[in-house]
Amino acid sequence: MSFEPVLQVKDVSKAFGGVQALKDVSFDVHEGEIFGIIGPNGSGKTTLINCITGFIKMDSGKVTFRGRDISRQAPHKIAAMGVTRTFQIMRPYYTLPAYKNLIIPLFSPRARKAGGWRGGGKLGDRDTVCIDILEEIGFERDSFVPYKLASTLPTGYLKRLELARCLALRPEIILCDEVFSGLSMSEIASMVPLIERLQMDGITLIMIEHRLRELFRVSKRVMVLNFGEKLSEGIPEEVMADEEVKRAYLGSEEVEESV
Amino acid sequence: MQNAGLRMIEDRRKERLDRGIKVTTEGIYAISSWQEMGYLLLPRLVLICGILALPLVIPSLYWQRVISIVCIYSLLALGFDFLAHFVGLVSLGGAFFIGTGGYIAAILNTSFGLPPILTIPIATIAGGAICTLLLYPCLPLRGVYFAIVTLMYPLVMARIIEALDVLGGTDGIIGVASFPNRWIEQYGLLLIVIVSLFGLRRLVNEDIGLVFRGVKDNDQAVKASALSINFYKSIAVFIASSLGCLAGAYLAHIYMWSGISQFALDFSIIPIAATVIGGGGTLVGPILGCFILVPISELLRAFGTLRIVFYSLILVAFIVFRSEGIMVYAERKYHQFERWVKV
Amino acid sequence: MDILIYGIINSISLALIAIGFALVYGISRLANFAHGALYVVNGFIVWSILNILHINYLLSIILSLIIIGLIGAAIYQFILIRVRGMAISEIIASYAIGLAMLEGFRWGGFKGMTYTLPVFIRGSIEIAGIPVDFQRILLVLIGGLVVLFLWLFTHYNRIGLALKGMAQDERAAMMLGIDSDKMALIAMGLGSILAGLAAVVILPMGNIVVEAGYDKLIMAIAVCIVGGLGSWVGAVIAAFLIGFAQIITVKYIASHFHMVIALLAIIITLILRPSGLFGRQKELEERV
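In this report, we go over the structure that sits alongside the text.

Here is what the cut-offs are and how they apply
- Residues numbered from 1 in each chain as written.
- Chains lettered and ligands numbered in written order.
- Predicted model: local features only at pLDDT ≥ 70, side-chain atom pairs only at ≥ 80, totals over all residues.
- Helix = DSSP H or I, 4+ residues; strand = E, 2+ residues; numbered from the N terminus.
- Buried ≥ 20, exposed ≤ 12 C-beta atoms within 10 Å, placed from the backbone.
- Contact = placed C-beta atoms within 7 Å.
- Pairing = 2+ DSSP bridges.
- Axes fitted to C-alpha atoms, helices over the stretch in contact; angles between N-to-C directions.
- Parallel < 35°, antiparallel > 145°, perpendicular 65-115°, else oblique.
- Left-handed = near helix turned anticlockwise from the far one by under 90°.
- Nonpolar A, V, L, I, M, F, W, Y, C, P; charged D, E, K, R; others polar.
- Core = buried A, V, L, I, M, F, W, Y, C linked by C-beta atoms within 7 Å.
- Expected span 1.5 Å × (residues − 1).

**Examining the overall build of chain C**
Then, number 1: Scanning chain C from N- to C-terminus turns up 11 helices and 2 strands.
Then, number 2: Along chain C, from the amino end to the carboxyl end, the secondary structure elements read α-α-α-α-β-β-α-α-α-α-α-α-α.
Then, number 3: Within chain C, buried positions represent 52% of all 288 residues.
Then, number 4: The long-range share in chain C, meaning contacts at least 24 apart out of those at least 6 apart in sequence, stands at 75%.

Below, the structure written as structure tokens:
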């Protein structure tokens, strides 16, 4: 782990019509850490991801990835650099089987340059590579699950598929938009080791979450957003003890037992 | 409220089941028996043999010419179906491709003396490139803009040529060489159609075809997968416009002439109507639609532009009542059967 | 100087033609590709009433406007309403209907020099040394009045305000009890009437030709795209931009360049600023 932040976000602002969605949001993320972003509904978390990954043009501010300015780049270029994201509203390619969903990211120049999966070998048979990736992510290899149409998969698998789509790109950073939401307790229980394993593989994770208890199990540093502004940043215990943070959450009926 | 798959009559309802043989041949299971292979191959064989036999079976020269015209329209309709149902771009101006290909071939032939065997490939590639370039500005935008611009290009091009009196003006370019042999003309075209059909069908199931379908279904996800939407849309537009330019170049040699009427409305409307009637998304459906519509159109030629009224209204009817199209219905019937089940 | 005068005339006529299209799109997001057809058809209707039924000119005009408004509303009620929301199908359906109308008239033999409409007032006057006939002056006046009327209507009249509300935010308007379908019906009716009005004022200066249906449709689309789909202020301004560009090109380069300019305007707009001058639709590029 180096000391230079791998991702630097400085004074990002975005307004939609009359609504200020983000105002001067700044934070740094270090390589290999799991950085959490929390806050009540409507605080601009998804807009933040969209701005960082280029899906929305920010009004002002700067985002640097390993020293390179990615503030105004197109989304596919940012993904090609290794900054990937999942979508909160999951939209797999419904008409395709699960494993074929991964063909598309594997088609990208980045994946093709990276070569075979798990080191060594060319990206020969893409279908096999897809199955391999799915196996990494928790789809049982010998079952028929990877071959089912994406439209028939339950939520837990779809969330993993979202992550698999990022993994196919051999990412350096994954911005996860609420991967824990919509899952049952046991599904979450099996997701947490997956997240930890991703971190051990050297991937930096930025996780937007509502399920604070689960998030605090994996993340040691979080930032709180409220109405588009950064409220607080630090280790979970300190942040949740902050009076302003408590007011922000209680005031918007998002009371989740935490820590 | 009526549900298409479920109709309650007293205490029974209709259900649809896949035929056993379809279930076993689906997905990645190996095809292990002659019966299964036959099930998959039969429709395709019938199609190919049927198409290839046509010129031998049809008696008069006039109707053989009609078959050629059907093929021309089929190429356009294939392009339309491909773009609309596999990439998500609706092209309302097939005439633009025909005109571009036709004019390029005519110029190459009359001004540069190139024979059809050269003009057609060159017109295909060059025409495809030009059309893609001209359509490039609308690709990053919402689909509506692509539709608007493709609608307008043929209309505008026709007016421009007329007004500036270039490229032969209203008379067009005459004296374009024809094919050495009637059979070459016929079978060349039929083979091109068959190759294009099966080629496209293969393409949409290849990896790059999946990318195209991804662009249609969920372009945000494709962007997030580090792929440039504009690039892949351009490729798709190039493929479809090349097919159209190929058709146009061929047509110039069939008629030995290239003119403004190549930008005519027929070429824009019939592919759309054929796709809607024949069944969109199947790639075969539009060809079937052409086989139905074009002969009717020829029969109606005596009535002048009334035939355009005719297919416009049919098009509206199909769109408004949202029928699925013949091939979609046929494929469904081939793969599924319905039966009444006691509730 | 003549550029100024012809420019104004051309621009206002473009604005008149485009404003019906802009209205329908602005209120109900319907791209009515039958707009050009409605324009020409109205011309034929006036001619028919005038020459076959031998009714007074002014009355013919009023009758035709009512008829065309009803036709437009009927197109919505029976056809477009079923494909509402699917933008591409709306375009195909309305274009096909327009096509059927135009080609139907062409087949019916409505062509040739006999199909003209008389001008309202004969004669011309000189403005700054340039002869301008009264019809064209009337065009400018009526066009100006129409724009003014629309502005007042959408700001001060209850229905007009409702229409403006729909234009700004359809869902919110629906929640407040404004019926989206009824508004779309009114919009189509109004748009058709405006198309007819444009026809009545412009057609007397030439023959009634079926080709005009396609030409005017292209012009209307060009103006609306440059001005920004959904903004009729934008449409008016764009009409002036394109109108003057056309006149200047015709004078200094060559005639018959109207189409080229229109097409160029569309392409340039789509490249540089797709949402047009006043378009509210930044969503064109930014969608999540």
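**Quick notes on the interface of chain A and chain B**
Then, number 1: On the chain B side, the residues contacting the 24 residues of chain A number 18 residues.
Then, number 2: Counting residues per element, the ones that place at least two in the side of chain A that touches chain B are α2 (75-81), β6 (83-85) and α3 (103-106) of chain A.
Then, number 3: Top contributing element to the side of chain A that touches chain B by residue count: α2(A), with 4 residues.

**As for the sheet that holds strand β4 (residues 60-65) of chain A**
Then, number 1: The strand order across the open sheet built from 4 strands is β2-β1-β4-β5 (chain A), with neighbouring strands paired in antiparallel fashion. Lying at the two open borders of the sheet, with one neighbouring strand each, are β2 (19-30) and β5 (68-69) of chain A.

**What about the packing of helix α11 (residues 265-278) of chain B against helix α12 (residues 285-299) of chain B?**
Residue and element names in this part refer to chain B.
Then, number 1: For the pair α11 and α12, the least separation of the axes is 7 Å and the interaxial angle reads 120°. One way to sum up the angle between α11 and α12 is to call them oblique. The hand of the α11/α12 crossing is right-handed. Of the residues in α12, those in contact with Ile270, Pro271, Ala273, Ala274, Thr275, Ile277 and Gly278 of α11 are Gly285, Pro286, Ile287, Leu288, Gly289, Cys290, Ile292, Leu293, Val294 and Ser297.
Then, number 2: Of the residues that constitute the contact of α11 with α12, the class distribution is 12 nonpolar, 5 polar and no charged.

**Quick notes on the interface of chain B and chain C**
Then, number 1: Tallying the contact residues gives 36 residues for chain B and 34 residues for chain C.
Then, number 2: The set of elements that each furnish at least two residues to the side of chain B that touches chain C consists of α6 (143-164), α11 and α13 (306-321) of chain B.
Then, number 3: For the side of chain B that touches chain C, the per-class residue count stands at 29 nonpolar, 5 polar and 2 charged.

**Brief notes about the nonpolar core**
Then, number 1: Counting 279 residues, the largest nonpolar core has Leu315(B), Ala18(C), Ile218(C), Ala222(C), Val223(C), Cys224(C) and Ala235(C) as its most contacted members.
Then, number 2: Discounting residues that sit within four places of it in the chain, Val223(C) has contacts with Leu14(C), Ala18(C), Ala235(C), Ala238(C), Ala239(C) and Ile242(C).

**A closer look at helix α10 (residues 229-255) of chain B**
Residue and element names in this part refer to chain B.
Then, number 1: In this model, α10 (27 residues) spans 39 Å end to end at C-alpha, consistent with the 39 Å of a helix rising 1.5 Å per residue.
Then, number 2: Most of α10 sits inside the fold, with 19 of its 27 residues counted as buried.
Then, number 3: A positive backbone phi angle near 60° is found at Met256, which sits one or two residues after α10.

**Quick word on unusual backbone geometry**
Residue and element names in this part refer to chain A.
Then, number 1: One non-glycine residue, Asp11, lies in positive phi territory at about 50°.
Then, number 2: Structurally, Asp11 can be placed in strand β1 (residues 5-16).
Then, number 3: In this structure Asp11 comes out as partly exposed when scored by C-beta crowding, with 13 C-beta atoms within 10 Å.
Then, number 4: In this structure, Arg66 takes a positive phi of about 50° despite not being glycine.
Then, number 5: Here Arg66 is to be found in the loop between β4 and β5.

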